[in-house]
Amino acid sequence: MSELFSPDFLFRNAILGGLGVALLCSLLGIYLVLRRLVLIGVALPQASAAGIAAVFWLTGHGHAGGADTHLLALAASLGATFVALGLLVLGQRRSRSPAEWGVGALFAISSAATILFVAINPKGDIEMAGLLRGELLAITDADLRLVAGVLIAVSALFFLFRRDLLLTSFDPEFSRTLGRDPLRYDLLLYLLIGGGIALGVMLAGPLVVFGFLVLPALAALRVAPGLIAAFAISAGVAALSFLGGFWIAYQADLPAGPACVAVAGACWAAASLGMRLRARRSAAALVILVAGLAIAPGCASRFEAAAQRAAAPLPRGSLPEALLARPIAVLPFQNATGEALTIPQGFLDAVVARALGNPPTQRSYSVPDALQQRAGFELERRGYRVSVVPAEQRRSVLAGETGAAATAGAPAGFTGPVLAGTLRRFTLTGSGLLLVQLDLALIDAQSQELLWSGAARRPVSIPSALTWQEILLDAGAPIFADAFGNR
Amino acid sequence: MTDPAPLLTVDRADFGYDGRPVVRGASLVARRRELVAVLGANGSGKTTLLRGLLGFLPPLAGRVLRGPDLRVGYVPQRETLDPLYPLSAYQVARTGSWRDLPFWRLAGARERTLTRAALAACRASDFASRRYSELSGGQRQRVLLARALATEPELLLLDEPTAGVDPEAERGILDLLGELRDTRGLSIWMVTHHVQALAGRADRTITVSEGRLRPEAAA
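Student: How do you make sense of the nonpolar core when you look at a structure like this?
Tutor: When a protein is soluble and globular, its nonpolar side chains tend to lie buried together. Within the largest apolar cluster, 165 residues are counted, with the highest numbers of intra-cluster contacts made by Val209, Ala220 and Cys267 of chain A together with Val38, Ala89 and Ala146 of chain B. With 15 residues, the top contributor of residues to this core is helix α11 (residues 227–252) of chain A. Every residue in contact with alanine 220 of chain A, bar those within four places of it in the chain, is listed here: Ile30, Ala230, Ile233, Ser234 and Val237 of chain A. In this structure, Val389, Leu442, Ile471 and Leu472 of chain A belong to the second largest nonpolar core, which totals 39 residues.

If you want it as structure tokens, here you go:
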């Protein structure tokens, strides 16, 4: 768990930003639940997602978006959320229909609109995945500052107006006799809820936002002896659920958002069970605290199942059949990206080693090293015999280019076919896309004859990947399918 | 019994919703140290009149004159309060003491004293630490009464304070209201259906029938 907080951990922003969103939602969720506005917690994130999808379609934005896309998404999310909120509030005040009618209609329309806007957007599938699963991976330092600022502002406003918000929520008519205008505090609360949801959806997706709006608050209200305690417990459950869920996702190769929500759900179930069994509230609170951690070890074993699924045999593609009888030496890949692409020590080692059935080592890897390992694995899946040459034995055997126009020198010490690779691009975008350019060449080491060449030059969608192993596991198969001609 | 300066005067006022009057031509005067029962069948306009007295409904016609800085305490029907809130009886009663507390100030000794005194006056101290939603109907009513008292009211308006409570609890609440009238000099107006239980307790009764107030009568 400690490696998640390491300053050089690539996904530090994803964790801190996601934690900020979880805490923000857990605070807003208390009043959302108390005011029986849970359905709004479903409908508004969906409206926000529809807003993002609509604006992306209108502006032609799609994959590989940068800072502009990020800002555009935030503006769209805020705009759609507040328009929806305004319509709901106005409709509620001017109509005698039950409030849930409007909320239900908003949810249905927003869900349909999201899918339709994504469908008519040529780059829609990417947005769809991003919208539904969130973009934790793309959280920037600026986003972190924004989340922190909003979290501090919401906490401060909740503290400053704690009495007024309680009065106007618990008994609006009584609050009027005390000189408080419920409408004013309704607006304040709706502004905070709308802003929090819009920001949360943009960074973490509707599922995470709705899950953390509702589940920590429900768990807290089950056991809390008072309102302040409810806020504290809700925040605690949210923090525990997010960190626990992230850790489980990290260990078990699962999507992080659903895993976090699942842990929050387990906390709520534990609290409900504890209270139903008439346990003391403090005991139920303790159950909540340990529930998330208790789930983790069981989930971790699912990694092996994922690795087994990934090992299924594949067709040969464009690779030469004649080489099936000869062992192929996979040489260390060259890094021509101009970037170090170093993977923090300890992550990939275990993943690759476990995927290949080897004991893990403590040596650090770079992305080209990982792709070399993956190339060997993918060749084996296609029926070839492979030996992966360790990076320590690397020699300057390949001069210049590889790929279609490659001319390769004979690698010393090898007599059979060798696979050489050059990584020219490996860029992670803010939209959950990996832009890869990898050139491969199979060379006869003795004759220096080029036996085969291929290249992967396509964007790979990795919307749910949050860690290096997720990225490389998710991206590995499509990269080599492209290069080996399986598509 | 009479007071030269009435707390509140309603002069030929209409009260209603969306411009349509439900109560028409209401005229009445609220004075200190009296217990007034507002009677009437369901849908007669009792609650609309009460909302007019509270100031929630501005008069569609006529006028409502309030004394300077009139402090109104309000006890709603207890079913209108959501049991989902994790509040103890003390915490519910305490909200009444926040009337003059600006948002930037922390609640202090004054608010604590007001709350405890109000709970004691309503004989609700014994269950003050229990969760409000777990109290019986009569106990909840006492807590809501304590909350209204913590606002230090001159005029106390109650909406069906004895609805749904057992006869013993009902007698206890009515005794308490009489006591508050006598000891604190409050003007207490209560909307109720329970005519029999009021016998000998109310100083006046006002009957609302089809939106019209019948002439006031001594109980």
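Next comes the rest of the write-up.
Student: When you look at the pairing of strand β6 (residues 155–159) of chain B in this model, what are you seeing that I'm missing?
Tutor: For a regular strand, side chains alternate in direction, first toward one face of the sheet and then toward the other. All names here are of chain B. In terms of residue burial, β6 counts as a mostly covered element, since five of its five residues are buried. Of the pairings in the sheet, the one linking strand β5 (residues 72–75) to β6 comprises four bridges and is parallel in character. Counterpart to tyrosine 74 in the pairing with β6 is leucine 157. Pairing geometry for β6 and strand β7 (residues 187–191), over five bridges, is parallel. Bridging from a neighbouring strand, leucine 155 pairs with serine 187 of β7. Remark: the β6/helix α5 (residues 167–184)/β7 crossover connection has right-handed handedness.

Student: Explain the sheet that holds strand β4 (residues 61–66) of chain B to me, please; I cannot follow it from the model alone.
Tutor: Whenever strands of a sheet pair, they do so through backbone hydrogen bonds, lying parallel or antiparallel. Residues and elements named next belong to chain B. One open sheet holds the three strands; their spatial order is β2-β1-β4, and the pairing between them is antiparallel. Lying at the two open borders of the sheet, with one neighbouring strand each, are β2 (20–30) and β4. When the angles between neighbouring strand axes are averaged without regard to direction, this sheet yields 30°. Across seven bridges, strand β1 (residues 8–17) lies against β2 in antiparallel orientation. Within the sheet, the bridge partner assigned to glycine 16 lies in β2 and is proline 21. Seen against the sheet, helix α1 (residues 46–54) touches β1, β2 and β4 and runs at an angle of roughly 125° to β1.

Student: How do you make sense of α5 of chain B when you look at a structure like this?
Tutor: Owing to its 3.6 residues per turn, the α-helix aligns residues three or four sequence positions apart on the same side. All names here are of chain B. With 18 residues, α5 extends 25 Å between its outermost C-alpha atoms, agreeing within 8% with the 26 Å of an ideal straight helix rising 1.5 Å per residue. For α5, every residue scored as buried is listed here: Glu170, Ile173, Leu174, Leu177, Leu180 and Arg181. In a view along the axis of α5, the buried residues occupy a sector of 115°, so they form one face of it. Projecting away from the buried face of α5 at angles above 90 degrees are the exposed residues Glu168, Asp175, Asp182 and Thr183. In this structure, the buried side of α5 is in contact with β3 (34–39), α4 (137–149), β7 and α6 (195–198).

Conventions and cut-offs
Residues numbered from 1 in each chain as written. Chains lettered and ligands numbered in written order. Predicted model: local features only at pLDDT ≥ 70, side-chain atom pairs only at ≥ 80, totals over all residues. Core = buried A, V, L, I, M, F, W, Y, C linked by C-beta atoms within 7 Å. Buried ≥ 20, exposed ≤ 12 C-beta atoms within 10 Å, placed from the backbone. Helix = DSSP H or I, 4+ residues; strand = E, 2+ residues; numbered from the N terminus. Contact = placed C-beta atoms within 7 Å. Pairing = 2+ DSSP bridges. Right-handed = clockwise from strand over helix to strand, strands pointing away. Axes fitted to C-alpha atoms, helices over the stretch in contact; angles between N-to-C directions. Expected span 1.5 Å × (residues − 1). Arc of directions from axis to C-beta.

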